[in-house]
Every structure is written in C-alpha cells, then in structure tokens.
Amino acid sequence: YLLCDFVIGDLFLNLHEQKIRDRCIKEGLNFVGKFLSKCEDLKLMSELEKQLYKRKGKPGNPMSARTEKIARAKETRRLKSELQELLKLEKLKADNEGVVDDDDLEEDDREREKQILKAK
C-alpha cells in the first residue's frame, strides 16, 4: 500500500505521449510528493533525507552538497548490506527448516524490516 503512490507517479513520469506530457509530469510529481509525505509521516526518512525533501531538491552550497552526496552513498551501502544480511538469514532458515511457518513472529519482524529497507 505504501508504494502505490510511488508506482503510479513513476508510471506517469515515464509516459512519453507528447500531447499529454505536461499533465503527466504534473500528476507524476503530485503522486511522488504524496509518497514522500507518507514516508516522512511514517518516519522512514533519515534526517538528511528530510532536509533534502524540505529543500525540494535544490542544491545548497557545493561543500554541503558534496557532504550530503557522500552521506547518502554511505547510507545506501549500509542499507544494501543490511538487506543482503536479512536475505541471507532468510535463506539459511528456509534451507535448515524447510517451509517457514507463517505464525512465526520473529520471521514477521524480519520481513517487516526487509520491506522497510527496500522502501528506503
């Protein structure tokens, strides 16, 4: 449900019909904006991402832009690493136990964490 606005916005932004291109861009940006607002409300954004979102993507001074870019790259690497670790644990558990029980709360927590990492 969380990603619906993002997916719809992405579809609008990827339409290339020249007659309706302006309207598609406006609609796409509107849906992406809704998605970002939901992410902010659900506290899925880091402080750096919130600052960038509130600036509407406009660059600050060159030094802070460079620092932000480096921080985002580190955060992306960290999130990918965490996601890979969760996927590895999931695969190990499935290999060791066979079919995973749907009532397992620990597994639900890992699945929730995995989906949050994917959203970030």
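Please read these numbers as outputs of a predicted model, since none were measured by experiment. (Residues numbered from 1 in each chain as written. Predicted model: local features only at pLDDT ≥ 70, side-chain atom pairs only at ≥ 80, totals over all residues. Heavy atoms only, no water.)

Enquirer: Would you take a moment to explain the overall build of the protein chain for this structure?
Expert: Along the backbone of the protein chain there are five helices and zero strands. Mapped in sequence order, the helices and strands of the protein chain form the string α-α-α-α-α. Across the 120 residues in the protein chain, those meeting the buried criterion constitute 16%. The long-range fraction of contacts in the protein chain, counting pairs at least 24 apart against all pairs at least 6 apart in sequence, stands at 43%. As displayed, the protein chain offers around 9,400 Å² of accessible surface, 56% of which is attributable to carbon and sulfur atoms. (Helix = DSSP H or I, 4+ residues; strand = E, 2+ residues; numbered from the N terminus. Buried < 20%, exposed > 50% of the residue type's maximum accessible area, 1.4 Å probe, protein only. Contact = heavy atoms within 4.5 Å. Areas by Shrake-Rupley, 256 points an atom, 1.4 Å probe, with all protein chains shown as cover.)

Enquirer: Can you walk me through the packing of aromatic side chains in this structure?
Expert: Centre-to-centre distance and the angle between the planes together describe a pair of aromatic rings. This model, assessed by the stated rule, comprises two aromatic pairs. Pairing F6 with F35 gives two aromatic rings, centres 5.3 Å apart and planes at 50 degrees, and the pair type is tilted. Separated by 29 residues along the polypeptide, F6 in helix α1 (residues 4–13) and F35 in helix α2 (residues 21–41) bring together distant segments of the chain. Both rings, one in F12 and one in F31, keep their centres 5.8 Å apart while their planes meet at 10 degrees; by these two values the pair is stacked. With F12 in helix α1 and F31 in helix α2, the pair connects residues that are 19 residues apart, well separated along the chain. Over the face of the ring belonging to F31 we find K34, whose NZ or CZ atom lies 4.9 Å from the ring centre. (Phe/Tyr/Trp six-rings, centres within 6.5 Å; stacked < 30°, edge-to-face > 60°. Lys NZ or Arg CZ within 6 Å of the ring centre and 35° of its normal.)

Enquirer: What should I look at first to understand the confidence of the model for the protein chain in this one?
Expert: Low pLDDT means the predicted atomic positions in that stretch should not be read closely. Model confidence for the protein chain is summarised by a mean pLDDT of 79, while 82% of its residues fall at 70 or above. Mean pLDDT across the elements of the protein chain bottoms out in helix α5 (residues 105–119) (68) and peaks in α1 (91). (pLDDT = per-residue confidence, 0-100.)

Enquirer: Just checking my understanding: could you explain the environment of E90 for this structure?
Expert: In this structure, E90 sits in helix α4 (residues 62–97). Once the C-alpha coordinates of E90 and E111 are considered, the two residues, 21 residues apart in sequence, prove to be 8.9 Å apart. Not counting residues within four places of it along the chain, the set of residues in contact with E90 comprises E111 and K114.

Enquirer: Can you help me understand α2 in this one?
Expert: Note: α-helices contain 3.6 residues per turn, so residues at a spacing of three or four share the same orientation. Taking 1.5 Å of rise per residue, the 21 residues of α2 would be expected to cover 30 Å, and the 30 Å separating its terminal C-alpha atoms lies within 8% of that figure. Along α2, the residues that are buried comprise C24, G28, F31, V32, F35 and C39. The arc that holds the buried residues of α2, viewed along the axis, is 95 degrees, so those residues lie on one side. With respect to the buried face of α2, the exposed residues turned more than 90 degrees away are D22, R23, K26, L29 and D41. In this structure, the buried residues of α2 make contact with α1. (Expected span 1.5 Å × (residues − 1). Arc of directions from axis to C-beta.)

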